[in-house]
Amino acid sequence: PYHYVPTEWICVLFVVLYSISAALHLGQALKYKLWWMIPTATFAGLLEILGWSARLWSSQNPRLLTHYEMQIVGTIIAPTPLVAANFIILGKVITQIGSQYSRLTPKIYTIIFLCFDVVCLIVQAVGGASAAHAASTKTNATMVCTSSHVSQGANIMLGGIAAQLSAIVIYVALAAETLLRLRYNMPFRYIDQPRILEKGQPAVTQKLQLMLFGMAFCTLCIFIRSVYHTVELANGWAGPVISTERYFNWLDGGMVTLALYTLNFFHPLEQFFILSLTLSN
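Numbering of residues starts from 1 in each chain and follows the order in which that chain's sequence is written. Predicted model: local features are reported for residues with pLDDT of at least 70 only, side-chain atom pairs are reported and counted for 80 or more only, and whole-chain, interface and lining totals are derived from all residues. Derived side-chain values reflect all non-hydrogen atoms in the structure, with water molecules and hydrogen atoms excluded from consideration.

A few words on the overall build of the chain. Secondary structure elements are taken from DSSP: a helix is a run of H or I of four residues or more, a strand is a run of E of two residues or more, and numbering for both begins at the N terminus. A count of helices and strands for the chain gives nine helices and zero strands. When the helices and strands of the chain are read in sequence order from the N terminus, they spell out α-α-α-α-α-α-α-α-α. Throughout, a contact is declared for two residues whenever any of their heavy atoms are within 4.5 Å. Pairs at least 24 apart in sequence give 81% of the contacts found in the chain among residues at least 6 apart. Where accessible areas are quoted, they stem from the Shrake-Rupley method and a 1.4 Å probe; at the residue level, only the protein chains shown are allowed to cover. Of the roughly 13,900 Å² of accessible surface on the chain, 69% is carried by carbon and sulfur atoms.

Structure, rendered in structure tokens:
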């Protein structure tokens with residue numbers, strides 16, 4: 001079903017990398033009590049471990065469809081919880097820098113994007129399961145080059161990925177607007193108790209700047225991965241993109257690995273942990 005045999009050592013490498021990142025995310029979440037990082041970044045790592053373990057299994061017996069179905073579902077939906085982590089982080093960043101600069105309040109921002117992300121997760125999971133079932137019954141799971149007909153599973157999965165891609169674009173646009181308004185002191189609304197900076201105090205600390213850079217890079221990686229899968233599914237289940245292993249290794253596995261480790265190194269734990277201590281005192 002792959003149109004190639006997954007390379008064993010590459011599968012082992014990604015399983016190890018995702019295992020380390022997921023363990024780090026879990027440890028960081030428990031240590032600093034950032035519980036929302038468990039169902040987001042940590043869960044994303046676990047789903048990737050599932051997907052790449054299935055590919056590793058397929059490297060030994062590529063004709064078995066059970067492993068193929070597992071890797072479809074695991075690798076397709078895994079980045080969605082990671083996107084949710086970025087949505088939550090940006091809401092907390094807006095709270096810290098001042099909600100008057102944001103078009104949406106942090107609470108509304110988080111609710112809207114998280115609900116949309118959950119919908120995308122469900123859609124991609126349903127589509128992935130349906131496409132996997134189509135593969136197991138040896139029916140077409142996506143567009144046929146000589147026909148305009150498409151299978152239900154691949155269409156659903158493609159729709160979920162495209163919707164997530166749109167959400168990322170809107171998320172980036174709103175985040176950029178907020179930071180530009182902060183940069184040029186152009187509040188979107190006036191609030192009763194705005195954040196007041198002391199003389200010489202920067203609006204964005206150096207640590208927060210680094211975390212924002214990490215979020216931007218993480219989002220870029222997920223965006224590249226989403227574009228790849230959109231093109232992959234649009235070209236067909238037996239098309240040249242999905243049939244080329246190196247595309248998947250670099251543009252899916254590589255991008256999600258970079259995104260996960262970016263949040264490990266530019267983690268919000270220190271920034272928000274220190275902030276919570278300051279507010280409590």
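Before going further, it helps to examine the nonpolar core. The biggest cluster of nonpolar side chains holds 62 residues, and the ones touching the most others in it are W52, L82, L90, V93, M157 and W237. Breaking this core down by element, the ones donating at least two residues are α1 (8–32), α2 (38–60), α3 (65–77), α4 (79–97), α5 (106–136), α6 (152–183), α7 (206–234) and α8 (245–265). To form a nonpolar core, buried Ala, Val, Leu, Ile, Met, Phe, Trp, Tyr and Cys residues must be joined to one another through side-chain atoms within 4.5 Å. Exposure categories follow from relative accessible area, calculated using a 1.4 Å probe and restricted to protein chains: below 20% of the type maximum is buried, above 50% is exposed, and the middle band is partly exposed.

A word on the packing of aromatic side chains. Pairs of aromatic rings are described using the distance from one ring centre to the other and the angle between the two planes. What counts as a ring pair is set by centres within 6.5 Å for rings of Phe, Tyr and Trp (its six-membered ring), and what kind of pair is set by the plane angle: stacked under 30 degrees, edge-to-face over 60, tilted for all other angles. Under the definition given, this model contains eleven aromatic pairs. Each ring, one from Y2 and one from Y4, has its centre 5.7 Å from the other, and the planes form 50 degrees; the classification is tilted. Y2 sits in the buried class, given a relative accessible area of 3%. According to the relative accessible area criterion, Y4 is buried, its value standing at 16%. Note on F113 and Y171: the rings are 6.5 Å apart at their centroids and 70 degrees apart in plane angle, and the pair reads as edge-to-face. Highlighted residues: F113 in helix α5 and Y171 in helix α6, separated in sequence by 58 residues. Given a relative accessible area of 5%, Y171 falls into the buried group. What links up through ring pairs into an aromatic cluster is the set F14, Y18, W52 and F248. Note on criteria: charge over ring means Lys NZ or Arg CZ within 6 Å of the ring centre, with the direction from the centre no more than 35 degrees off the ring normal. The positively charged end of R55 is found above the aromatic ring belonging to W52, 5.0 Å away from the centroid. When the ring centre of Y184 is taken as reference, the NZ or CZ atom of R183 above it lies at 5.3 Å.

With respect to the helices and strands, L64 occurs in the loop between α2 and α3. C-alpha separation for the pair L64 and P1, spaced 63 residues apart in sequence, amounts to 8.6 Å.

As a further point, take α2. One less than the residue count of a helix, multiplied by 1.5 Å, gives the span that helix is expected to have. Compared with the 33 Å implied by 1.5 Å per residue over 23 residues, the 32 Å span of α2 between its first and last C-alpha is a close match. Bending of α2 peaks at approximately 25 degrees at the position of A44. To get the bend at any residue, fit one axis to the seven residues that end at it and another to the seven that begin at it, then take the angle between the two axes.

Pairing between side chains of opposite charge can happen when their charged atoms approach one another. Whenever Lys or Arg places a side-chain nitrogen within 4 Å of a carboxyl oxygen from Asp or Glu, that contact is recorded as a salt bridge. Under the definition given, this model contains three salt bridges. Residues R103 and E177 are paired through a salt bridge, measuring 2.5 Å at the closest nitrogen-oxygen approach. One end of the pair, R103, is in the loop between α4 and α5; the other, E177, is in helix α6, with 74 residues separating them in the sequence. Under the relative-accessibility criterion, R103 is labelled partly exposed at 39%. Its relative accessible area of 17% is what places E177 among the buried residues. The shortest N-O distance in the salt bridge between E177 and R181 comes to 3.3 Å. With E177 and R181 both in helix α6 and four residues apart, the pair spans about one turn of that helix. The pair E177 / R181 is uniform in exposure class, with both members buried. Several salt bridges share partner residues, and in doing so they unite R103, E177 and R181 into one network.

A few words now on empty space enclosed by the protein. Empty space among the atoms becomes apparent when a probe as large as a water molecule is rolled across them. Put simply, the grid is 1 Å and covers the protein atoms alone, a cavity is a trapped set of points that fit a 1.4 Å probe, a pocket is an open set with protein on both sides within 12 Å along at least five of seven lines, and lining residues have an atom within 4 Å of a point. Grid points are joined across faces, edges and corners, and a volume is the space filled by probe spheres set on the points. On inspection of all chains with the given rule, the structure shows two cavities of 30 Å³ or more. If you add up the space inside the largest cavity, you get close to 170 Å³. Lining the largest cavity are 17 residues, with Q71, I72, E232, I242 and F248 sitting closest to its centre. Only α3 and α7 provide two or more residues apiece to the lining of the largest cavity. In terms of residues, the lining of the largest cavity owes the most to one element, α3, which gives five residues. Polar here means any residue other than Ala, Val, Leu, Ile, Met, Phe, Trp, Tyr, Cys and Pro, which are nonpolar, and Asp, Glu, Lys and Arg, which are charged; Gly is therefore polar. Grouping the amino acids of the lining of the largest cavity by side-chain chemistry returns twelve nonpolar, three polar and two charged.

Moving on: the side chain of T257. Positionally, T257 belongs in helix α8. Judged by relative accessible area, T257 falls into the buried class, the value being 9%. Beyond its immediate sequence surroundings of up to four residues, T257 is in contact with F14, L17 and Y18.

This part is about the packing of α1 against α8. Here α1 crosses α8 at 25 degrees, and the two axes come no closer than 10 Å. In terms of orientation, α1 lies roughly parallel with respect to α8. Crossing of α1 over α8 shows left-handed handedness. In contact with I10, F14, L17, Y18, I20, S21, L24, H25 and Q28 of α1, α8 contributes N249, D252, G253, G254, V256, T257, L260, Y261, L263 and N264. Per-class residue counts for the contact of α1 with α8 are ten nonpolar, eight polar and one charged. Only the stretch in contact is used when fitting a helix axis, every axis being a line fitted to C-alpha atoms; angles between N-to-C directions are given from 0 to 180 degrees. Here roughly perpendicular refers to angles of 65 to 115 degrees, roughly parallel to angles under 35, roughly antiparallel to angles over 145, and oblique to all remaining angles. Take the far helix as the reference: if the near one is turned anticlockwise from it by less than a right angle, the crossing is left-handed, and if turned clockwise, right-handed.

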